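Topology and contacts: notes
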Amino acid sequence: MSNGAKTITPRHVLESDANPRVRSVLYWVTTAIIAVESAVGGVSGVLRIDYVRDLLEQQLDYPWYVAVILGVWKISGAAVLVIPRFPRLKEWVYAGAIFVYTAGAVSHFFVGNVSAGIVPLGFAAITVVSWALRPASRRHPAPYSSTFARLLPGAPSRSRATAVGYWVVSLSFTGALLSGGVADLSHRPETVGGMVALGYPGYFLFIIGFWKVLAPAAILLPGFTRLKEWAYAGAFFNFSGAVISHLVSGSAWYHVAYTTLFTLCTLASWALRPRNRVLGNLYPATTSQRAARLR
């Protein structure tokens, strides 16, 4: 423009040092939209109101308990999004929101209701904007206190046993994810039969199979620490959701046992992972490290 006014573009807004007021307003607007939708949708799911039952159970053919599971997760996620701090936990909430919204959209596409699938895609886009615009205090994890950090297996005094334990539990649950994901995507007859026995529609295998085959690479390969948080979140949601599904459906005890085991392996891997696989710095700097920074 001839008067020298600066044009605000989407890229400009996403830059951390540009338009802080615009960035803040957009962050809180998008976050409020997602938080309200999650809270209202969560309560509706837990109560299984007529709209939810018609949508999930009749149109999309999901079992009744899915609404309750999603409802509890969404209510908790809404609270985590609006309260200050807890950046790592917020990553899990953002990951869960993307999983839910994209799964909702794809579910509508599979049953032939393309127009209805646009709505969850819109919420997914809003979630991405909120995630991209969040301030540093909600993005970068702060170190734990010195007292608590000493209790963590991944502390600077990490032992060989801790490293071995990390790889054992990591390979265990990522192997289950990969093999399960391949079985899901290939619609192996035994896998389809198990999913139908739990009350899920057959197309759900394609949705979870897609995420399951991607997660092992994100967790096992070096780097990408923020992506690792999303992969751990997805693995936890998958296995814990399977535990609840088997319990509610009255599955044989061993189904509950192995899904519970993989849930615990996921959490153990997350807790035992080495420092170069952790988002941010878990541990306060030592006296020598602080002195080195001042030189």
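It should be noted that the structure appears before, not after, this text.
Parameters and conventions
- Residues numbered from 1 in each chain as written.
- Predicted model: local features only at pLDDT ≥ 70, side-chain atom pairs only at ≥ 80, totals over all residues.
- Heavy atoms only, no water.
- Salt bridge = Lys/Arg side-chain N within 4 Å of Asp/Glu carboxyl O.
- Helix = DSSP H or I, 4+ residues; strand = E, 2+ residues; numbered from the N terminus.
- Buried < 20%, exposed > 50% of the residue type's maximum accessible area, 1.4 Å probe, protein only.
- Phe/Tyr/Trp six-rings, centres within 6.5 Å; stacked < 30°, edge-to-face > 60°.
- Core = buried A, V, L, I, M, F, W, Y, C linked by side-chain atoms within 4.5 Å.
- Contact = heavy atoms within 4.5 Å.
- Axes fitted to C-alpha atoms, helices over the stretch in contact; angles between N-to-C directions.
- Parallel < 35°, antiparallel > 145°, perpendicular 65-115°, else oblique.
- Left-handed = near helix turned anticlockwise from the far one by under 90°.
- Nonpolar A, V, L, I, M, F, W, Y, C, P; charged D, E, K, R; others polar.
- Polar contact = N/O pair within 3.5 Å; in protein donor to acceptor, adjacent residues only side chain to side chain.

With that settled, consider the pattern of salt bridges. Side chains bearing opposite charge may pair, as long as their charged atoms lie close to each other. Evaluation of the coordinates by the stated rule reveals 8 salt bridges. One salt bridge connects E37 with K74, and the closest N-O pair in it is separated by 3.1 Å. Pair noted here: E37 is in helix α2 (residues 20-47) and K74 is in helix α4 (residues 64-82), with a separation of 37 residues, a long-range link. Each member of the pair, E37 as well as K74, carries the same accessibility label: buried. A salt bridge links D184 to K212, with the shortest nitrogen-to-oxygen separation between them at 2.8 Å. Here D184 is found in helix α8 (residues 160-185), whereas its partner K212 is found in helix α10 (residues 204-220), with 28 residues between them in sequence. An identical accessibility class is assigned to D184 and K212; each is buried. Salt bridges here are not isolated pairs; linked through shared partners, they connect E91, R134 and R226.

Turning our eyes to something else, we now look at the packing of aromatic side chains. Enumeration according to the criterion identifies 23 aromatic pairs in this entry. An angle of 15 degrees between the planes, with centres 5.3 Å apart, marks the rings of F110 and Y203 as stacked. Here the residue F110 occupies a position in helix α5 (residues 87-110), and Y203 occupies one in the loop between α9 (189-197) and α10, the gap between them amounting to 93 residues. For F110, a relative accessible area of 41% translates into the label partly exposed. Ring centres of Y258 and F262 lie 6.4 Å apart, and the angle between their planes is 70 degrees; on these two criteria the pair is classed as edge-to-face.

Let's shift gears to the environment of A231. Along the chain, A231 turns up in helix α11 (residues 225-249). Since its relative accessible area comes to 8%, A231 is described here as buried. For the pair A231 and L214, spaced 17 residues apart in sequence, the C-alpha to C-alpha distance is 8.2 Å.

It is worth spelling out the nonpolar core at this point. Grouped together as the largest cluster of nonpolar side chains are 32 residues, with contacts concentrated most on F173, L177, Y232 and F239. Going through the elements one at a time, α2, α4, α5, α6 (114-133), α8, α10, α11 and α12 (253-272) are the ones with two or more residues in this core. At 8 residues, α5 tops the list of elements feeding residues into this core. If sequence neighbours within four positions are ignored, Y232 has contacts with W92, Y166, S170, F173, I219, T266, S269, W270 and R273. In this structure, Y65, M195, L198 and I207 belong to the second largest nonpolar core, which totals 17 residues.

Attention now moves to the packing of α8 against α12. Remark: α8 packs on α12, axes separated minimally by 8 Å, with the N-to-C direction vectors making an angle of 140 degrees. Between α8 and α12, the crossing angle belongs to the class labelled oblique. By crossing handedness, the relation of α8 to α12 is classed as left-handed. Touching T162, G165, Y166, V169, S170, S172, F173 and A176 of α8 are F262, C265, T266, A268, S269 and L272, all from α12. Taken together, the residues of the contact of α8 with α12 break down into 8 nonpolar, 6 polar and no charged.

Attention now goes to the environment of R139. Tracing the chain through its elements places R139 in the loop between α6 and α7 (146-149). We classify R139 as buried; its relative accessible area is 17%. With sequence-adjacent residues up to four places away left out, R139 is seen in contact with R23, P87, W131, A132, L133, R134 and R226. One polar contact links the side chain of R139 to the main-chain carbonyl oxygen of A132, over a distance of 2.7 Å. Of note is the side chain of R139, whose polar atom sits 3.1 Å from the backbone oxygen of R134.

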